[in-house]
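Residue-level structural notes
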Amino acid sequence: MKHLLKMLDLEKDEIFSILNLADQLKFNQKHNIPHKHLEGKTLGMIFQKASTRTRVSFETGMYQLGGQALFLSSNDLQIGRGEPVQDTARVLSRYLDGIMIRTFAQQEVEDLAKYGSIPIINGLTDFAHPCQVLADLMTIREYKGALDTLKFCYIGDGNNMANSLAVGCLKTGMKVSLGCPKAYSPDKQVLDFAKGYGDKFELTDDIYEAAKDADVIYTDVWASMGQEKEREQRMKAFKGYCVDSKLMAVAKPDAMVMHCLPAHRGEEISEEVFESHPEIFDEAENRLHAQKAVLVKLLG
Ligand code: CP
Ligand code: NVA
């Protein structure tokens, strides 16, 4: 593995190897066992969109691994004034040991990897959010022990999260059911990939069918970053696509609830369900551990 651009690029073995290392690094951190695998290394973090978890977990993760992280807001970089990504990639490759980038177009991340000569990590694009999915898989395994016996259900927008979760969960052996409005299906690349999994994959606009007997119920916002102008239209289209106690009643009694955060209570998830599932915050914590594993694999 040279980069982390999207879940479609990872082999099943690579995913489990990251999850195993993440578990070990979490153990080390909790027990104050030194794990400074990246002493002297620098990660550049380019942000074209807002972030709480991704920014803080990458920065803290690099520090805990003995390296450092540079926060590079696109407003302050020449990239924000039109310097081509090809040039930015070649220049930053001379200074840094790796780049994490959060941006809009997946192509920009792919181009950074193509023109640069250091590992590139996708910290969210409109198409994918692989760092989040690795933390999610880690969390599900922590709670449920194994992945390949589970039914995973996602409710809501067929966005970056749905795209990445469907691929990550199928690759690790789960049954996947997506409950999305017809006009908001996941990306065609993902649906084509999922076809290869036969009846282990289901896409429906009936959320109760999607959630039936699920072990994990996942949801995300109705309007993602960059879609602010579509908010009103989306509020109408997603009405009813809510993880509430009525929906939870059709899932397994011990079903987990997950959310990448930030959450909009009363929209994609009810206050009651959100507040009664503390695993959502273990999931957020695991961003740190899963990303440290990715950093060690790519920069170590
Ligand atoms: N889940 C996630 O990526 O959160 P941030 O947008 O806060 O980084
Ligand atoms: N789908 C959301 C995820 C945020 C972590 C967004 O792209 O804004």
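All of the points below concern the structure found in this document. (Residues numbered from 1 in each chain as written. Chains lettered and ligands numbered in written order. Predicted model: local features only at pLDDT ≥ 70, side-chain atom pairs only at ≥ 80, totals over all residues. Heavy atoms only, no water.)

Quick look at the site of ligand 2 now. Lining the immediate surroundings of ligand 2 are Leu124, Asn159, Asn160, Asp220, Val221, Ser224, Met225 and Leu261. Note that a nitrogen atom of ligand 2 is positioned 2.6 Å from one of the side-chain N or O atoms of Asp220. Between Met225 and ligand 2, the recorded distance is 2.8 Å, taken from a backbone N or O atom to an oxygen atom. In isolation ligand 2 offers 270 Å² of accessible surface; the protein chains occlude 94% of this area. When atom positions are compared with the pocket grids, ligand 2 is found to occupy the largest pocket. The class makeup of the residues in the shell around ligand 2 is 4 nonpolar, 3 polar and 1 charged. (Near = heavy atom within 4 Å. Polar contact = N/O pair within 3.5 Å; in protein donor to acceptor, adjacent residues only side chain to side chain. Areas by Shrake-Rupley, 256 points an atom, 1.4 Å probe, with all protein chains shown as cover. 1 Å grid on protein atoms, 1.4 Å probe; cavity = no way out; pocket = protein on both sides within 12 Å on 5 of 7 lines; lining within 4 Å. Sits in = over half its atoms within 2 Å of the grid points. Nonpolar A, V, L, I, M, F, W, Y, C, P; charged D, E, K, R; others polar.)

In the vicinity of ligand 1, the residues found are Ser51, Thr52, Arg53, Thr54, Arg102, His129, Gln132, Cys260, Leu261 and Arg287. Between Leu261 and ligand 1, the recorded distance is 3.0 Å, taken from a backbone N or O atom to a nitrogen atom. Within the side chain of Arg287, an N or O atom sits 3.0 Å from an oxygen atom of ligand 1. Against a free-state accessible area of 260 Å², the protein chains account for coverage of 95% of ligand 1.

With that settled, consider helix 5 (residues 130-144). Over its 15 residues, helix 5 extends 21 Å from the first C-alpha to the last, a length consistent with the 21 Å expected when each residue adds 1.5 Å. Most of helix 5 sits inside the fold, with 12 of its 15 residues counted as buried. All of the buried residues in helix 5 are Pro130, Cys131, Gln132, Val133, Leu134, Ala135, Asp136, Leu137, Met138, Thr139, Ile140 and Arg141. Gly145 lies just past helix 5 and shows a positive phi near 85°. (Helix = DSSP H or I, 4+ residues; strand = E, 2+ residues; numbered from the N terminus. Expected span 1.5 Å × (residues − 1). Buried < 20%, exposed > 50% of the residue type's maximum accessible area, 1.4 Å probe, protein only.)

Turning our eyes to something else, we now look at the sheet that holds strand 3 (residues 98-102). One open sheet accounts for 4 strands, arranged 2-1-3-4; its pairing is parallel. Edge positions in the sheet fall to strand 2 (68-73) and strand 4 (120-122), since each of these pairs with one other strand and no more. Here the strands of the sheet are splayed against their neighbours by 20° on average, with no regard to which way each runs. As defined by bridge partners, strand 1 (residues 42-47) adjoins strand 3 across 5 bridges and the pair is classed as parallel. Bridging from a neighbouring strand, Leu43 pairs with Gly98 of strand 3. Relative to the sheet, helix 2 (residues 53-64) contacts strand 1, strand 2, strand 3 and strand 4, its axis offset from that of strand 1 by approximately 175°. (Pairing = 2+ DSSP bridges. Axes fitted to C-alpha atoms, helices over the stretch in contact; angles between N-to-C directions. Contact = heavy atoms within 4.5 Å.)

On to the pattern of salt bridges. A side chain of one charge can pair with a side chain of the opposite charge if their charged atoms are brought near each other. Under the definition given, this model contains 19 salt bridges. Taking the shortest distance from any N to any O, the salt bridge between Asp254 and Lys144 comes out at 3.6 Å. Residue Asp254 is located in the loop between helix 10 (245-248) and strand 9 (256-259), and its partner Lys144 is located in helix 5; the two are separated by 110 residues in the primary sequence. Via salt bridges that share partners, Lys6, Asp9 and Glu110 belong to a single interconnected network. (Salt bridge = Lys/Arg side-chain N within 4 Å of Asp/Glu carboxyl O.)

Scanning all chains against the criterion turns up 1 cavity of 30 Å³ or more. Lining the largest cavity are Lys6, Met7, Leu8, Phe127, Ala128, Asn163, Ser164, Val167 and Val190. Sort the elements by how many residues they give to the lining of the largest cavity and helix 6 (residues 160-171) lands first, with 3 residues. Split by residue class, the lining of the largest cavity holds 6 nonpolar, 2 polar and 1 charged. (Points joined across faces, edges and corners; volume = space filled by probe spheres on them.)

Counting 58 residues, the largest nonpolar core has Ile121, Leu134, Leu137, Ile140, Phe152 and Leu295 as the members making the most contacts within it. Non-local contacts of Ile140, meaning those with residues more than four positions away in its chain, are made with Gly145, Leu147, Leu150, Phe152, Met174, Val216, Met256 and Met258. Counting 23 residues, the second-largest nonpolar core is a separate cluster that includes Ala214, Val243, Val257 and Ala263. (Core = buried A, V, L, I, M, F, W, Y, C linked by side-chain atoms within 4.5 Å.)

Taken as a whole, the largest pocket holds about 410 Å³ of empty space. What lines the largest pocket is a set of 24 residues, among which Arg102, Val221, Met225, Leu261 and Pro262 lie closest to the centre. Of all the secondary structure elements, the ones that give two or more residues to the lining of the largest pocket are helix 2 and helix 6. When its residues are assigned to classes, the lining of the largest pocket shows 9 nonpolar, 9 polar and 6 charged.

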